[in-house]
Amino acid sequence: MIKILKFGGSSVATPGNIKKVKSIVEQCDDNKFVVVSALGGVTDQLVKAGMMAAAGNEAFRKELAEIEERHLNAAKALIKPQQQGHVLSGLKVLLNELEDYLQSMSRLQEHTPKLQDYVLSFGERMSAFLVSEVIDGAVLLDTRSIIKTDSAFGKAQVDFEKTKALAAGILSTIKGRAVLPGFIASDGNGVTTTLGRGGSDYTAAILAAAAGASLVEIWTDVDGFMTADPRKVEKACPIKRLSYQEVFELSNFGAKVIYPPTVHPLLPANIPMRIKNTFNPTAEGTLVDASADKVSNQSVKGISSIDDIALLTLHGVGMAGILGISKRLFGALAGAEVNVALISQASSEQSITFAIVPEHVAQARNAIERAFEIEISHQTIGLKIENDMSVIAIVGENMKRMPGISGKLFHTLGKNGVNVVAIAQGSSELNISTVVRKADLRKALNVVHEAFFLVDYKEIFLYIAGVGTVGSHLVQQIRQQREDLMMRHHLKINLVGVLNSRKMLFDEQGIGLDDVQGTLERKGVPLHLDGFLQHLSTLNLRNSIFVDCTASAEVAGIYENVLQSFVSVVTANKIACSGAYETYRKLQDLSRARGVKFLYETNVGAGLPVIKTINELVLSGDKIIKLEAVLSGTLNFIFNTVSETIPMSEAIRAAKEKGYSEPDPRVDLSGVDVLRKILILARECGYPLEKTDVEITPFLPQSCFDTPTIDLFFEKVRKLDAGFETRRKALHAAGKRWRFVASLLDGKAAIGLQEVDGTHPFFNLQGSDNIITLYTERYSAQPMVIKGAGAGAAVTAAGVFGDIIRIANI
């Protein structure tokens, strides 16, 4: 059997990713043809370098140097030292050729589609050469010797007859694995052409049809086609199976999973295609074949969108009953090389509306004004242009067998205040497209998704675990804010489930917030977490959020099941995020895969925006170089409270009584709580640390923590009071203070008691406050400082409430 595997730019973007590709390809012994794109981002660099060179801008050399460095470093990271010479020299040959070509363009100051195609070819050629050297037993083939096209440079048309004949002769000689560059081909004279941006998918399909492959696998960075764009629709989930026609429609209307023409060679050959995730290879992905509509009764398979389009309407009495208007209009657009994405025509024949990309508006207007010059001058025909529009398309083969789909779509949009500007539907009923204003796109996508994949109305449903210290404050804050949220923000929060360590209670209609603990005691049933999960799954309420206000490992252990049920998780419980890194990563990945949220801002700093800030820095491209923090409000309170009149044991007791510490203060005093926090921050900064990687220096002897009860613990500490007082006096005389500090430097984390003087930013930290200093590539001279209340039930509950609102507002 022959399989064609295609790996996109993100799949080969880094040496680590290429190793994943190697692992995937080498898993089975089928004859495999591996098509690769250029390393992620390289094609854009080549476009830029070509334009600079043609403009005589010497800055093209900088782009070239970056491309060279990236490829050579990748080779050094992937190839054993004794084998690097051949690979590095091969890359240098290509890089030197590219440099010579760019220099020639610079001298001639010429830039044509033909020249650009050749420049862009180097991205795939270098990538394919490198990957072929990494995969065991692989040979390198040049796609240009197989795929033949016309000379329409930039987006050449394939000559399938010549390609099939060449493929039969070349591919049949390969036994095992071969690597080919995607995107590129050649014309009848052997001149390099390209198949259009994204054309590596198309390459794989062309080769599959020519070679009679049994399967095409498109390996990308998502788990297949999604029911909607997960960046806009939180509840989007992978689609298991699609027909060729459904894929083509979804791709044409904005789904960026594959290049739309990819379907064309596969359909007549009846070759199935599977979309897989390089970074989650065990995920099922999406199967595309001819039988998808026969094995599923689902009417709407997916929702796609084009974010930014312009809507043009040719209108006027001069159109009614006049033959050839449409021909003149679309002929003029074709002559101006304007592609039309959608067409809608009134039955009165007095208007034709069509959608195009905004970049083509000027040339479309000019072409139309030339074609209808007389009618426009006589004002019998006019042209209306509307910008900032978007297209939403619902797609499904089975829509034609299901009455009421259009009605449901328009009713859903209408009742949510989304105006439909234009409508298009083919007689096949495979696609119903609507044009809405760009400002309404996210809202429209979400309500349509809810209508066809969830339920008909929006509401936030909460399940709260733990209604003690933090949980009771959270319920109180929700009760106080509930009316305002409803009146000002149209957000209704319903508490539909609650549990404590003994009981659980569910009420789909809502549990009253006035006496949650009492209601749970009176009406609750014995707690079984499996039963809780089953009930949550059975209710299957949209926009559901599970809120964990406990410190329970058992409750943290159900997060995965909760996320699997498409329920978001907000937690003040640090156990999951500070446990095994694999668990932390799995929860992150699972939340993304399910289109739900996993938020834990209060894990560090209570209500302070610590994790959110680090996330935003990292996502925006900044790098955390150094982090220092006082992360325990409990310990800071204790060390600020210890004095000549208040010994250590009494300061600890005060922290417990005020609710600053955990119910068992030994958790805080052992440093375990701070360890969990610095571990979470390290992971948010991108370091996959485990607990054992954190160096911890406790300030109390181990005997204090080995006591069987809290009372015995306090007795042990009381015996240490005199020693602490002696040290405190010496510290005071030296003008210093104790601070329990967590640090992260170069991926290494440590926690322990430090003595700081008046020049240190931690010296004047008051009460139970926390402080975090972040030194980053952008904040290198002066750190970013986050400071404020870092302990207490009320501020922690406020932070949890903030996370709930963040999810509700997405």
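Quick look at the structure, then. Quantities reported herein were computed from a predicted structural model and do not represent experimental measurements.

For the protein chain, the count of helices and strands is 30 helices and 29 strands. Sequence-distant contacts in the protein chain: of pairs separated by 6 or more residues, those separated by 24 or more amount to 72%. Accessible area of the protein chain: about 34900 Å², with a carbon and sulfur share of 51%. Computed over 87 positive and 88 negative side-chain charges, the inter-centroid distance for the protein chain is 2 Å.

This part is about the nonpolar core. With 81 residues, the main nonpolar core has Phe546 and Ile638 as its most contacted residues. Ranked by residues supplied to this core, first place goes to helix 26 (residues 672-684) with seven residues. Excluding its chain neighbours within four sequence positions, the residues that come into contact with Phe546 are Tyr463, Ala465, Phe532, Val555, Ile558, Tyr559, Val562, Val567, Ser568, Val569 and Val570. Counting residues in hydrophobic clusters, the runner-up holds 53 residues, among them Val35, Met273, Leu311 and Ala393.

A word on the packing of helix 2 (residues 42-54) against helix 3 (residues 60-78). Each pair of packed helices gets described by two things: the angle between the helix axes and the distance between those axes. Here helix 2 crosses helix 3 at 150°, and the two axes come no closer than 8 Å. The orientation of helix 2 with respect to helix 3, classified from their angle, is roughly antiparallel. Handedness of the crossing formed by helix 2 with helix 3: left-handed. Contact with helix 2, carried on its side by Val42, Gln45, Leu46, Lys48, Ala49, Met52 and Ala53, involves Phe60, Glu63, Glu66, Ile67, Arg70 and His71 of helix 3 and no other residues of that element. Partitioned by chemical class, the residues of the contact of helix 2 with helix 3 number seven nonpolar, two polar and four charged.

On to the packing of helix 1 (residues 15-25) against helix 3, then. Relative orientation of the contacting elements helix 1 and helix 3 amounts to 55°, with a least axis distance of 9 Å. When the axes of helix 1 and helix 3 are compared, the pair comes out oblique. Between helix 1 and helix 3 lies a crossing of right-handed hand. Only Ala74, Ala77 and Leu78 of helix 3 make contact with helix 1, whose side of the interface consists of Pro15, Ile18 and Lys19. By residue class, the composition of the contact of helix 1 with helix 3 is five nonpolar, no polar and one charged.

Our focus in this paragraph is the sheet that holds strand 9 (residues 273-277). Strand order in the open sheet made by the eight strands is 3-4-2-1-7-9-10-8, with mixed pairing throughout. The open sheet has two edge strands with one neighbour each: strand 3 (138-140) and strand 8 (241-243). Averaged over all pairs of adjacent strands, the angle between strand axes in this sheet comes to 25°, irrespective of strand direction. The sheet contact formed by strand 3 and strand 4 (residues 177-181) spans three bridges and is parallel. Bridge assignment links Leu140 to a residue of strand 4, and that residue is Val179.

Overall, antiparallel pairing links the six strands, which are arranged 12-13-11-14-16-15 in an open sheet. Looking at strand neighbours, the two that pair on one side only are strand 12 (342-345) and strand 15 (422-425), the edges of this open sheet. Taking the axes of each pair of neighbouring strands and ignoring which way they run, one obtains an average angle of 30° across the sheet. On the sheet, helix 10 (residues 325-335) packs against strand 11 (302-315), strand 12 and strand 13 (351-356) and is oriented at approximately 20° with respect to strand 13. Along the sheet, helix 14 (residues 441-453) contacts strand 11, strand 14 (382-395) and strand 16 (431-437); its crossing angle with strand 11, the most-contacted strand, is approximately 125°.

Before going further, it helps to spend a moment on the pairing of strand 12. Going residue by residue along strand 12, you find Leu342 and Ser344 tucked away on one face and Ile343 and Gln345 left uncovered on the opposite face. With four bridges connecting them, strand 12 and strand 13 associate as antiparallel partners. Each residue of the ladder has a partner; that of Ser344, found in strand 13, is Thr353. In sequence, strand 12 turns back onto strand 13 through a hairpin of five residues, with Glu349 there showing a positive phi of about 65°.

Once that is clear, we can look at the pattern of salt bridges. Within this structure, the stated rule accounts for 35 salt bridges. Measuring nitrogen to oxygen at the nearest pair gives 3.5 Å for the salt bridge that ties Asp515 to Arg522. A salt bridge links Arg592 to Asp589, with the nearest nitrogen and oxygen atoms 2.7 Å apart. With Arg592 and Asp589 both in helix 21 (residues 581-594), this residue pair falls three residues apart, about one helical turn. Taking relative accessible area as the criterion, Asp589 reaches 37% and is therefore assigned partly exposed. Within the structure, one salt-bridge network assembled from shared partners comprises Asp229, Arg231, Lys232 and Asp307.

Once that is clear, we can look at unusual backbone geometry. Of note in this structure, Phe183 is not a glycine but carries a positive phi near 80°. Positive phi, close to 60°, is recorded for Glu337, a residue that is not glycine. Mapped onto the secondary structure, Glu337 falls in the loop between helix 10 and strand 12.

Residue placement: Asn277 occurs in strand 9. Given the relative accessible area of 8%, Asn277 is considered buried. When sequence neighbours within four positions are dropped, the list of residues in contact with Asn277 reads Trp219, Thr220, Asp221, Val222 and Asp223. Within polar-contact distance, the side chain of Asn277 engages the side chain of Asp223 at 2.7 Å. Of the polar contacts made by the side chain of Asn277, one reaches the backbone nitrogen of Phe279; its length is 2.9 Å.

With that out of the way, let us pick up the environment of Ala682. In this fold, Ala682 is placed in helix 26. Considered as a pair, Ala682 and Asn387 are 295 residues apart in the sequence and their alpha carbons are 45 Å apart. Leave out the neighbours within four places in its chain, and Ala682 touches Tyr687, Leu689 and Leu744.

With that settled, consider the state of the cysteines. Going through the model one piece at a time under the given rule, you end up with zero disulfides. The cysteine Cys549 is free of any disulfide, with Cys577 supplying the nearest cysteine sulfur at 14 Å. Its sulfur unpaired, Cys577 is 14 Å from the next cysteine sulfur, which belongs to Cys685.

Below, the discussion takes up the environment of Met52. Mapping Met52 onto the fold places it in helix 2. Looking at Met52, the relative accessible area reads 16%, which means it is buried. For the pair formed by Met52 and Phe801, sequence separation is 749 residues and the distance between their alpha carbons is 51 Å. Not counting residues within four places of it along the chain, the set of residues in contact with Met52 comprises Asn57, Ala59, Phe60 and Glu63.

Time to look at the packing of aromatic side chains. Counted under the stated rule, the structure contains 19 aromatic pairs. Taking the centre distance of 4.7 Å and the plane angle of 55° together, the rings of Tyr101 and Tyr118 count as tilted. In this pair, Tyr101 sits in helix 4 (residues 84-108) while Tyr118 sits in helix 5 (residues 113-134), placing the two residues 17 residues apart along the sequence. Assessed through its relative accessible area of 24%, Tyr101 is described here as partly exposed. Between Arg125 and the ring centre of Phe122, over which it is positioned, the NZ or CZ distance is 4.3 Å. A cation over an aromatic ring shows up here: Lys626 above the ring of Tyr775, its NZ or CZ 5.4 Å from the ring centre.

Thresholds applied
Residues numbered from 1 in each chain as written. Predicted model: local features only at pLDDT ≥ 70, side-chain atom pairs only at ≥ 80, totals over all residues. Heavy atoms only, no water. Helix = DSSP H or I, 4+ residues; strand = E, 2+ residues; numbered from the N terminus. Contact = heavy atoms within 4.5 Å. Areas by Shrake-Rupley, 256 points an atom, 1.4 Å probe, with all protein chains shown as cover. Lys, Arg positive; Asp, Glu negative; His and termini not counted. Charge placed at Lys NZ, Arg CZ, Asp CG, Glu CD. Core = buried A, V, L, I, M, F, W, Y, C linked by side-chain atoms within 4.5 Å. Buried < 20%, exposed > 50% of the residue type's maximum accessible area, 1.4 Å probe, protein only. Axes fitted to C-alpha atoms, helices over the stretch in contact; angles between N-to-C directions. Parallel < 35°, antiparallel > 145°, perpendicular 65-115°, else oblique. Left-handed = near helix turned anticlockwise from the far one by under 90°. Nonpolar A, V, L, I, M, F, W, Y, C, P; charged D, E, K, R; others polar. Pairing = 2+ DSSP bridges. Salt bridge = Lys/Arg side-chain N within 4 Å of Asp/Glu carboxyl O. Polar contact = N/O pair within 3.5 Å; in protein donor to acceptor, adjacent residues only side chain to side chain. Disulfide = S-S within 2.5 Å. Phe/Tyr/Trp six-rings, centres within 6.5 Å; stacked < 30°, edge-to-face > 60°. Lys NZ or Arg CZ within 6 Å of the ring centre and 35° of its normal.

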